[in-house]
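Chain by chain, the residues run as shown.
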Amino acid sequence: MRKSRATAAIGLSVVTGLALSACAGGASDGTVTLQMVESLTNPARTEVLKSLIADFEAENPKITVELISPPTDQADQKITQMLQSGSGVDVLEVRDITVGPFSTNGWLDDMSGELEDWAGWDDLTDNATKYAKGEDGKVYYVPYGFYGLSLFYRTDLVKDAGFDGPPASWEDLLEQASAIQDPSKNQFGYAFRGGTNANSNVVAAIEAYVADDLDTENAFKLKNGDTIFSAPEALDALNTYFDIFAEASPPSSVAWGYPEMVEGFSNGSTAFLLQDPEVIATVEQSEAITAEQWSTAPLLTGPTGKAAQPMATAGWGTAASSEHKAEAAKLIEFLSEDKQATTFAQENSLVPIVKSAAESDFYKTGPWASYVTMNENPDTYLSVTQPRGSSWWTEWIQKSDSEIQQVLIGQLTPEQLLEGWDEYWTEKWKSE
Amino acid sequence: MIDKETSRAKAVKFLFLGLWLVITVFPLYWIVVTSFKKPGAIFSYPLTYWPEVFSIENYLGLFAKAQFGTYVVNSLIVATVAAVIATFISMLSAYVLARFEFRSKGAILLAFLATQMIPSFIALGPLYLLMTQLKLVDNRFGLILIYIAVCIPFCTVMLRGFFENIPDALEEAAMIDGCSRFGALFRVLVPVLKPGIVAAFIFNFVNCWNELFLSVTLINSDANKTIPTALNGFITSYNIDWGSMSAAAVLTIIPTMVLFAFASRYIVQGLTAGAVKG
Amino acid sequence: MTTTTDEAGRGQQLATPTPPAGPSRTAGGHRRRTFTVRRGFGLLGFLAPAFIFVAIFIYYPMIAGSQMAFRNWNLANLTDTSWVGFGNFLAVFADPAFGKVVLNTVVWVVASIVPQFVIGFGIALWLRRKFRFRGLYQAMIFFPWAISGFLIGILFRWMFNSEFGVINDLLQKVGLIDTPIPWLADPNTAMFAVIVANVWYGVTFFAIMILAALQSVPEDLFEAAALDGAGKARMLFQITIPYIRTTLALTVLLRVIWIFNFPDIIYGMTGGGPANQTHILTTWMIATTQRGDYGRASAIGLIVVAILLVFTAFYLLSMREKKVKA
């Protein structure tokens, strides 16, 4: 019994010790501590961000930045808790799909006041300014870069199959991928996306097919106001797209999400991959395929020779509950200036937000060349905005992903799929 | 020993145990092999069951890129302290629930069991607010408090089961000898129950060691992070860093394996000679 | 001494539910009352720490959070969180996926727990007797428990990967299959695959619990039974199992609750796919939180609690009846 008391006493003292040590810190000498939380966390990016923050702290000795990097899968939940509790966060990563809900709930500060005199506005690309200022001029976030699709392809396999160059259209892709596919050798044509976010590529295909009639400001709408899913061309798009799955993709790709697709391409088993530019860095590290064996090509076009490039973006914003809004704005300005913005975009393989970066050699050579091609031909590669800010966007993602899988396993026809989607968006817009 | 095993029974036994060992260990083997492959070689095809080049790059990276040492220390502190305290508290309540009859007993047990049925996300919002008010966000002590609470119900229910397997006569004898209830519990029952208590401690420890959801929500800074948060950090929306993750997983498994190896002696130790001759 | 007399003895001694029944052997008329008061406080003292922790850190937040289930609580717009009564629950019941998800949950629980129990019991029985390297063996087979559920999920997702997964590769090398099986792409094999992962993970728990319980079965009992000429199977069913019945019953109950509530593996392996075919209630709930509908997700959560409470009540009642019969 005496012994157990001793154990309890030791336990208690350990606990008190921890409590005391944890309470240390917190200063009142005029320095400000900013809590900054990221959402699309990945270790390499966190490193880049930390080094930029260190530069910022060196320039602003009175400001300390504490970077919080939750695992990306849990990040949104955590950020929501922080914002709801109104404490613990000053600067946060805001994405095009979270800005709607966050601002509706009054969690984001409109930074237009703080950033009014910022000299950096002039250096931003048109797209960056457009997304930063929103429709009503409120600045809820400043983008740090853009994501956009391009086609990764295997130069050697395409050549061996007797083709002169990469596919330009979805039809070309079907033809080339089918020719390359040979399951007995574990060689597949296309790294098909059937799992999480399957909808993004399906929609990209549909948009390419209806590009002539597309409302670029809301790329789920046709110019006549109907949904893109109601167009007869949409069914052609789906038929080609699902043929690519049936004839030229690994059967298990029904369940493939991002990591499987990227691995499928970088381990050499698939010849084509439609992905964001961050994949460039991953594929460059591959030991299965060498730099000579792959390259990128512009986004695939529809029958009329056009493609729609959906812009996706994210950036930095300030929490409405922050008590250090001026300092927060200072940090965001710093991160969005020429040098820092370029570093961040290059290190993370993003389409940059500043004009000067787009002119650098980095973005003109190698795998990036296809992005330049797309930028230089805006009439062929339309830059479009999808309704990613809708409050029902995440609901749509889940619904559409699940229904695409239903088509893939034969529970739903493409016709039913389109009909359902047309109804869904028509309803949503009506009730808006 | 009267019931000797026949050699056929023995053969069946070891065949079965051996088969299960292979099934169990294979994924572990796979993680270990992956952790020693060069980052680029992990997805080479055809699959290689042995690294062509042994590389400790993944391990070095863990300590260079992430403060893995800090996470290990944090996890060790949090899981050990929480598991010790939770086991002790649960022992007290389990004892009462096993040895006494009172009207609300069924309700108490059900209330404990019910905690295992509640999805934690429901409680997360209010819990976060509570911890904010207590100034225990981003604090290992705060995490320990919650882990204790999370461990207690299951641990109590489990230990109660073990207590009930022990005849009353044992402690009654002790009490006649002049021990208090408390004394009877610790001098007589605890030694007899060592296997159960050690098992309970291990479960508590492992549950805390692996807990991700609360840890991610309540811990912010690198200095206070625990291993599961760090492990999960290798999954990004773009990629899964298999090399680093396998290396981290191997390092994570080692302490628990050591604990098992150490504790399994107690789990199978059996009753102390003469303890239950009654 | 056997369990039955033991139970009966305790039952007699503590027949009356309220304090007045002190240990009859030591307490006499006048002394009994004071002892009782002291005992009452003693009981409370033993239970208090557990109560306090659970009340503050589990029940308070959980009850406070449950209100979301009765409100229009959607992260997409929290400016209007009005009360909607049972609206969220009705929406869950009306969802076309609900029936399938409940069915999946039952399959997931039953098909996981039966093999876990059988294999775990077998291992525990066989490990009861000492053999060389038993300690090492134990440490090795206990290792699945040392990994978190989410890690197991993604680990098995890669092992079950059709083109570059190790499971198909091994099956092909052994010659069991000719072409790779797309495990996670087909609803039937996907459910099978997640259950395999769960069985692999959960056997350890049964093995440890049962092994620990077996240690409390006195060797004398076996010896006595062996003298009677009892066969192996009879010994197992008539001595071993009755003796550790409480532990077995509780272990099964706890596992049912846990597996019911254990989304990690499915979440990591299939995310409920393909086409929602492997969703169980809790993964479905996660999917619902991910689109921000916390109200409806909480409703699913409370439905889970309700189902499990009812199950537990019936389970415990049936256990008690058996006890009385014994």
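It should be emphasised that the depicted structure is a prediction, and the values quoted were computed from it without experimental measurement.

Peer 1: Sorry if this is basic, but what is going on with the overall build of chain A here?
Peer 2: Secondary structure summary: chain A contains 17 helices and 11 strands in total. Over its C-alpha trace chain A gives a radius of gyration of 24 Å, about what one expects of a compact globule, namely 22 Å for 432 residues. C-alpha atoms of chain A, sized along the principal axes, occupy 75 × 65 × 50 Å. The buried share among the 432 residues of chain A stands at 49%. Considering only residue pairs separated by 6 or more positions, chain A has 76% of its internal contacts joining residues 24 or more positions apart.

Peer 1: How do you make sense of the pairing of strand β5 (residues 150–154) of chain A when you look at a structure like this?
Peer 2: Successive side chains on a regular strand alternate, one facing one side of the sheet and the next facing the other. All names here are of chain A. Counting buried residues in β5 gives five out of five residues, a clear majority hidden from the surface. Burial along β5 is two-sided: S150, F152 and R154 and L151 and Y153, pointing in opposite directions, are all buried. Here four bridges tie β5 to strand β7 (residues 270–275), and the two strands are oriented antiparallel to one another. From the neighbouring strand, S150 faces β7, where its bridge partner is Q275. Where β5 lies against strand β8 (residues 294–297), four bridges are found, and the strand directions are antiparallel. The residue bridging R154 from the neighbouring strand is W294, located in β8.

Peer 1: Can you walk me through helix α12 (residues 325–336) of chain A in this structure?
Peer 2: Spanning 12 residues, α12(A) covers 16 Å between terminal C-alpha atoms, matching the ideal 16 Å at 1.5 Å per step. Residues of α12(A) that are buried include every one of E327(A), A328(A), A329(A), L331(A), I332(A), E333(A), L335(A) and S336(A), and no others.

Peer 1: Quick question: what am I supposed to make of the interface of chain B and chain C here?
Peer 2: Contact residues are listed per partner, giving 85 residues for chain B and 80 residues for chain C. Elements that contribute at least two residues to the side of chain B that touches chain C include exactly α1 (7–35), α3 (68–99), α4 (105–115), α5 (120–133), α6 (140–165), α9 (194–210), α11 (227–232) and α12 (242–267) of chain B. The leading source of residues in the side of chain B that touches chain C is α6(B), at 14 residues. A class-by-class count of the residues in the side of chain B that touches chain C yields 60 nonpolar, 16 polar and nine charged.

Peer 1: Where do I start with the confidence of the model for chain C in this structure?
Peer 2: Any segment with low pLDDT has predicted coordinates that should not be analysed in fine detail. Residues and elements named next belong to chain C. Of all residues in chain C, 86% attain a pLDDT of 70 or more, and the chain-wide mean is 82. When mean pLDDT is compared element by element in chain C, helix α3 (residues 87–94) scores highest at 96, while helix α1 (residues 3–13) scores lowest at 34. A low-confidence stretch, residues 1–35 stays under pLDDT 50, and its non-local contacts, those more than four residues away or across chains, total 32 contacts. Interface confidence for the predicted complex, expressed as ipTM, amounts to 0.87; the pTM equals 0.86.

Peer 1: It is not clear to me how the environment of K50(A) should be interpreted in this structure. Could you clarify?
Peer 2: Along the polypeptide, K50(A) turns up in helix α2 (residues 43–59). On the basis of neighbour counts, which here come to 13 C-beta atoms within 10 Å, the residue K50(A) falls in the partly exposed class.

Peer 1: Would you explain the packing of α3(B) against α9(B) in this entry?
Peer 2: Each pair of packed helices can be summarised by the angle the axes make with each other and by the distance between the axes. All names here are of chain B. Their axes nearest at 8 Å, the elements α3 and α9 cross at an angle of 140°. The angle between α3 and α9 falls in the class oblique. Crossing handedness for the pair α3 and α9: right-handed. Along the contact surface, α3 presents S75, V78, A79, T80, A82, A83, A86, T87, S90 and M91, while α9 presents I197, A200, F201, N204, F205, C208 and W209. In the contact of α3 with α9, the residues fall into 12 nonpolar, five polar and no charged.

Peer 1: Which parts of the structure should I look at to understand the environment of T373(A)?
Peer 2: All names here are of chain A. If you trace the backbone, T373 turns up in helix α15 (residues 369–376). Using a count of 16 C-beta atoms within 10 Å as the deciding quantity, one classes T373 as partly exposed. For T373 and A297, which are 76 residues apart along the polypeptide, the C-alpha to C-alpha distance reads 8.9 Å.

Peer 1: Just to check I follow, could you spell out the pairing of strand β1 (residues 32–37) of chain A for this structure?
Peer 2: All names here are of chain A. Pairing analysis gives six bridges linking β1 to strand β2 (residues 63–68), with the strands arranged parallel. The residue of β2 that forms the bridge with M36 is L67. For the crossover that starts at β1, traverses α2 and ends in the parallel β2, the hand is right-handed. Relative to strand β3 (residues 91–95), β1 runs parallel, the two being bridged by two bridges. Paired with M36 across the two strands is V91, which belongs to β3.

Peer 1: Whenever I open this one, unusual backbone geometry confuses me. Can you help?
Peer 2: Negative phi is the rule for most residues except glycine; trans is the rule for most peptide bonds. In this chain, G273(C) is followed by P274(C) through a cis amide linkage whose omega measures -5°. With respect to the helices and strands, the residue P274(C) is situated in the loop between α12 (264–269) and α13 (281–290). A positive phi angle, close to 60°, is found at N186(A), a residue other than glycine. Mapped onto the elements, N186(A) comes out in the loop between α7 (170–180) and β6 (188–190).

Peer 1: I tried to follow the sheet that holds strand β10 (residues 312–318) of chain A on my own but got confused; where do I start?
Peer 2: Strands in a sheet are paired, the pairing made by backbone hydrogen bonds, and the direction either parallel or antiparallel. All names here are of chain A. Strands sit in the order β2-β1-β3-β10-β4 across an open sheet of five strands; the sheet is mixed. Both outer strands of the open sheet, β2 and β4 (142–147), are each paired with one neighbouring strand and no more. Pairwise comparison of adjacent strand axes, ignoring direction, gives a mean angle of 25° for this sheet. Relative to β10, β4 is paired through five bridges, and the arrangement is antiparallel.

So, how was this worked out
Residues numbered from 1 in each chain as written. Chains lettered and ligands numbered in written order. Predicted model: local features only at pLDDT ≥ 70, side-chain atom pairs only at ≥ 80, totals over all residues. Helix = DSSP H or I, 4+ residues; strand = E, 2+ residues; numbered from the N terminus. Rg over C-alpha atoms; globule rule 2.2 N^0.38 Å. Buried ≥ 20, exposed ≤ 12 C-beta atoms within 10 Å, placed from the backbone. Contact = placed C-beta atoms within 7 Å. Pairing = 2+ DSSP bridges. Expected span 1.5 Å × (residues − 1). Nonpolar A, V, L, I, M, F, W, Y, C, P; charged D, E, K, R; others polar. pLDDT = per-residue confidence, 0-100. Axes fitted to C-alpha atoms, helices over the stretch in contact; angles between N-to-C directions. Parallel < 35°, antiparallel > 145°, perpendicular 65-115°, else oblique. Left-handed = near helix turned anticlockwise from the far one by under 90°. Right-handed = clockwise from strand over helix to strand, strands pointing away.

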